[in-house]
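# Summary of the model geometry
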Amino acid sequence: MSGSIGVAEVFATVGMMLNDTGFARWTRAELQRHLNDAYRVIVTKRPDANTDMVGLELAVGAKQSVNSVSGAIAVLDVVRNVADSSEGKSIELVPRDVLDTQLPGWRKETGSIDIEHWVFDIRLPQEFEVYPPAADGAAVDVLCSVMPEQHALTSQQLSGSTAITDTISLDDIYMPAIVCWMLHRAYSKDDETGEAGKANQYLAEFNDFLGVKTNTDLTMLKLPNGGAS
């Protein structure tokens, strides 16, 4: 997922708010680091901010992983069976204790190409388990949270001698959060000159934006706070 807002526009906005439109105190190279950092922090707090639906061939057995998927940082949903010989049915998330109680030996059952349920532990975000255990050839669609593409602008672009053509690596709706994070990091540089208050202010606005977005999404989905679809 990427936005339509140019990185040059982000730099200009941040430079204006810092009263440093010439990028003398805070260089474009420094702002690029803050921009890339913003992506990492946003997707950590909001894993759904950057997602990809991936066709995954399952390992034989119950335990699975998305470590082989480039940039994947967490499993958000295991959606459906996609193997040609499967029935193509949707897959339901169930709590592990339900399977452990009702089917104590479920991990040792005969493998199947048709997966019915998946199990997730938030402490292991790149891993999940499936029931029945996967047989050879089983494959599913997995919705993953993916690390946004990092910018690596050239020295010519960073000096302003060559145009910056990159656009931001998240949807445009995250522009306010990106700017707040960059301002937070920029003002943190000047803690010794009394700018800590501004740094903390922009950090609070960053967190408020992501919190408001979370609550809005939950309202639209009609889910209780902290629920899962």
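Note that the structure is a prediction, hence the values are computed from the model and not measured.

Counting buried positions along strand 7 (residues 139–146) gives seven out of eight residues, so the element sits mostly inside the fold. Of the strand pairs in this sheet, strand 1 (residues 51–57) and strand 7 are connected by seven bridges, and their pairing is antiparallel. Each residue of the ladder has a partner; that of valine 54, found in strand 7, is valine 142. One ladder, built from seven bridges, connects strand 3 (residues 72–81) with strand 7; its direction is antiparallel.

A few words on the sheet that holds strand 3. Taken in spatial order, the three strands of this open sheet run 1-7-3, and their pairing is antiparallel. The open sheet terminates on both sides in strands that have one partner only, identified here as strand 1 and strand 3. Across this sheet, the average inter-strand angle for adjacent strands is 30°, counted without regard to direction.

Attention shifts here to the packing of helix 1 (residues 7–17) against helix 2 (residues 28–45). It is at 11 Å that the axes of helix 1 and helix 2 come closest, and there the two elements cross at 105°. Accordingly, the angle class assigned to the pair helix 1 and helix 2 is roughly perpendicular. Taking contact as the criterion, the partners of Val7, Phe11 and Val14 in helix 1 are, on helix 2, Arg28, Leu31, Gln32 and Leu35. Broken down by class, the residue content of the contact of helix 1 with helix 2 amounts to five nonpolar, one polar and one charged.

For the rest of this paragraph, the subject is the sheet that holds strand 4 (residues 92–93). Pairing in this open sheet of four strands is mixed, and the strands run 2-6-5-4 from one edge to the other. Each end of this open sheet is capped by a strand with a single partner; those strands are strand 2 (61–65) and strand 4. Judged from the three bridges that link them, strand 5 (residues 117–119) and strand 6 (residues 127–134) form a sheet pairing that is antiparallel. Bridge assignment links tryptophan 118 to a residue of strand 6, and that residue is valine 130.

Rules used throughout
- Residue indices begin from 1 for each chain and proceed along its sequence in written order.
- The predicted nature of this model means local features are confined to residues of pLDDT at least 70 and side-chain atom pairs, given and counted, to a pLDDT of 80 or more, with totals for whole chains, interfaces and linings taken over all residues.
- With hydrogens and water stripped out, all remaining heavy atoms of the structure feed into the side-chain values.
- Only protein chains enter the accessibility calculation, which uses a 1.4 Å probe; a residue whose area is less than 20% of its type maximum is buried, one above 50% is exposed, and one in between is partly exposed.
- A run of H or I in DSSP counts as a helix once it spans at least four residues, and a run of E counts as a strand once it spans at least two, with each numbered from the N terminus.
- By this definition, two strands are paired if DSSP reports at least two bridges between them.
- Here, axes are lines fitted to C-alpha atoms. For helices the fit covers the stretch in contact, and angles between N-to-C directions go from 0 to 180 degrees.
- Working definition: roughly parallel below 35 degrees, roughly antiparallel above 145 degrees, roughly perpendicular at 65 to 115 degrees, and oblique for all remaining angles.
- It only takes one pair of heavy atoms within 4.5 Å for two residues to be counted as in contact.
- Residues were grouped as follows: Ala, Val, Leu, Ile, Met, Phe, Trp, Tyr, Cys and Pro as nonpolar; Asp, Glu, Lys and Arg as charged; and all remaining residues, including Gly, as polar.

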